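Structural characterization, general
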Amino acid sequence: MASGLGVALFSSAVFGLSGSFAKALLETGWTPGAAVTARLTGAAIILAVPAVPALRGRWNQLKDNWLTILLFGLIGVAACQLFYFNAVARLSVGVALLLEYLAPVIIVLWLWAASRRRPRPLTIAGTLFSLGGLILVLDLTGAVKIDFVGVLWGIAAAVCLAIYFFITAKENDTLPPIVLASGGLMVGAAVMWLAAATGLLPMAFSTADTKLGPWVTPWWVSLGGLIVLATVLAYVSGIVAARALGSKVASFVSLTEVLFAVIWAWLLLGELPGPIQLLGGVLIVGGVVLVRVDELRGSRAAAAAAGGSVSESAATPAPLDHANDVEPVP
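Residues numbered from 1 in each chain as written. Predicted model: local features only at pLDDT ≥ 70, side-chain atom pairs only at ≥ 80, totals over all residues. Heavy atoms only, no water.

**A few points about the overall build of the protein**
- Within the protein, the secondary structure is distributed over 14 helices and 2 strands.
- A burial count over the protein gives 53% of its 330 residues as buried.
- Sequence-distant contacts, at least 24 apart, represent 86% of the contacts inside the protein between residues at least 6 apart.
- Summed over its atoms, the accessible surface of the protein is roughly 14700 Å², and 71% of this surface lies on carbon and sulfur atoms. (Helix = DSSP H or I, 4+ residues; strand = E, 2+ residues; numbered from the N terminus. Buried < 20%, exposed > 50% of the residue type's maximum accessible area, 1.4 Å probe, protein only. Contact = heavy atoms within 4.5 Å. Areas by Shrake-Rupley, 256 points an atom, 1.4 Å probe, with all protein chains shown as cover.)

**With respect to the pattern of salt bridges**
- Within this structure, the stated rule accounts for 2 salt bridges.
- Here Asp147 makes a salt bridge to Arg90, at a shortest N to O gap of 3.2 Å. Of this pair, Asp147 sits in the loop between helix H8 (121-138) and helix H9 (148-167) while Arg90 sits in helix H5 (residues 66-90), and the two are 57 residues apart along the sequence.
- Using a relative accessible area of 27% as the deciding quantity, one classes Asp147 as partly exposed. (Salt bridge = Lys/Arg side-chain N within 4 Å of Asp/Glu carboxyl O.)

**Topic: the packing of helix H7 (residues 103-115) against H9**
- The N-to-C vectors of H7 and H9 enclose an angle of 65 degrees; their axes lie 8 Å apart at closest approach. Seen along the crossing, H7 lies across H9 with a hand that is right-handed. Between H7 and H9, the contacting residues are Ala103, Ile106, Ile107, Trp110 and Leu111 on the first element and Ala158, Val159, Leu161, Ala162, Phe165 and Phe166 on the second.
- For the contact of H7 with H9, the per-class residue count stands at 11 nonpolar, no polar and no charged. (Axes fitted to C-alpha atoms, helices over the stretch in contact; angles between N-to-C directions. Left-handed = near helix turned anticlockwise from the far one by under 90°. Nonpolar A, V, L, I, M, F, W, Y, C, P; charged D, E, K, R; others polar.)

**What about unusual backbone geometry?**
- Positioned with a positive phi, Arg116 is a non-glycine residue whose angle comes to about 55 degrees.
- When you line up the elements, Arg116 lands in the loop between H7 and H8.

**Describing helix H3 (residues 32-55)**
- The terminal C-alpha atoms of H3 lie 33 Å apart, and with 24 residues this matches the ideal 34 Å at 1.5 Å per residue to within 8%.
- Along H3, the sharpest change in direction is near 40 degrees and occurs at Ala48; proline Pro50 comes one to four residues later.
- Positioned one or two residues after H3, Arg56 has a phi angle of 55 degrees, which is positive. (Expected span 1.5 Å × (residues − 1). Bend = angle between axes of the 7 residues up to and from the residue.)

**Thoughts on the nonpolar core**
- Ranked by internal contacts, the top residues of the largest apolar core, which has 82 residues, are Trp30, Tyr84 and Leu185.
- A total of 12 residues in this core trace back to one element, the largest contributor, which is H5.
- In contact with Trp30, other than residues within four places in its own chain, are Leu25, Ala35, Ala38, Ala204, Phe205, Ser206, Trp219 and Leu223. (Core = buried A, V, L, I, M, F, W, Y, C linked by side-chain atoms within 4.5 Å.)

**Regarding the packing of aromatic side chains**
- Overall, the coordinates contain 5 aromatic pairs when judged by the stated rule.
- Judged by centre distance (5.5 Å) and plane angle (80 degrees), the ring pair of Phe15 and Tyr235 falls under edge-to-face. Residue Phe15 is located in helix H1 (residues 2-15), and its partner Tyr235 is located in helix H11 (residues 219-245); the two are separated by 220 residues in the primary sequence. No difference in accessibility class separates Phe15 from Tyr235, as the two residues are buried.
- Here a set of aromatic residues connected by ring pairs shows up, and it is made of Trp30, Phe205 and Trp219. (Phe/Tyr/Trp six-rings, centres within 6.5 Å; stacked < 30°, edge-to-face > 60°.)

**What about the confidence of the model for the protein?**
- Averaged over all residues, the pLDDT of the protein is 82; the fraction at 70 or higher stands at 84%.
- Element-level pLDDT for the protein is lowest in helix H12 (residues 247-253), with a mean of 69, against a maximum mean of 94 in helix H2 (residues 18-26).
- The low-confidence segment residues 309-317, where pLDDT is below 50, has 17 contacts with residues more than four positions distant or belonging to other chains.
- Here residues 319-324 is a poorly scored stretch, pLDDT under 50, and it has 26 contacts once near neighbours within four places are set aside; other chains count. (pLDDT = per-residue confidence, 0-100.)

**Things to note about the side chain of Thr37**
- Counting through the fold element by element, Thr37 comes out in helix H3.
- Discounting residues that sit within four places of it in the chain, Thr37 has contacts with Met192, Trp193 and Met203.

**Digging into the state of the cysteines**
- What the rule picks out here adds up to 0 disulfides.
- With no disulfide of its own, Cys80 lies 5.8 Å from the sulfur of Cys160, the closest cysteine sulfur.
- Given the relative accessible area of 9%, Cys160 is considered buried. (Disulfide = S-S within 2.5 Å.)

Here's what the structure looks like:
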């Protein structure tokens, strides 16, 4: 458990680097589409190396799970990251990521509207906490006005994240997680290149030096960090952590990504949300924790009432109850 927790924290830490590396590139003239495309292409090539032996010649697994891979690549990888990077281009890294972490609240509100069944009190409390935190994060009365186009991009990323959770709410053990990650990255990269070739996606690269903290580095340092650290190592360590801790515990630890993203942005970009925004971030993360705790309690209670075990394997997955081995985290 201790080693798994360490791996999970490492995964959150390197995932949290993505916004800082991306913004360093964006500030030199890269477009969000170019940064996402380069990231996905490089990571897909690297992850294909361990993914091929993981299949062990069972290529039919790709055929049987083509829809899952396609949806993961389109929504969990390409759209989610493109929208997040567009948000990062206009907002601070911490604010952009906090907006994306509103996905569980969107799920709660959608289920409430679709079923017309009121959530349990703890879920309502978590939703209200997160919505209150959103108001503080936006800091509408602050001296520095927030870019509302950037806010819309961040919320769009949250919607993609929510859709992904709905799509993959049912656990699927027929496809190795590393294969799903590699396949999704390949699909995402192909979609981005296709969008660029048709003129739908602006694509601009730059070879100007990037600035990371007190250091001025070649552009390939930031790009390499985005691909190797914030994508390849992040995905692989996240998979290892999910297997060591169980997907549910790992999903809770992954919430520390917001904290790491804020710290990295402060150290590498000199960005730090104001006190009001930091308080709002605490409320958003706290609200998400309450929602997830209530989901776990509800699924275990349902399993116990049905005479089943209250273990993780026995509980019926809900949209937030089952955390996938491969999360669409930016």
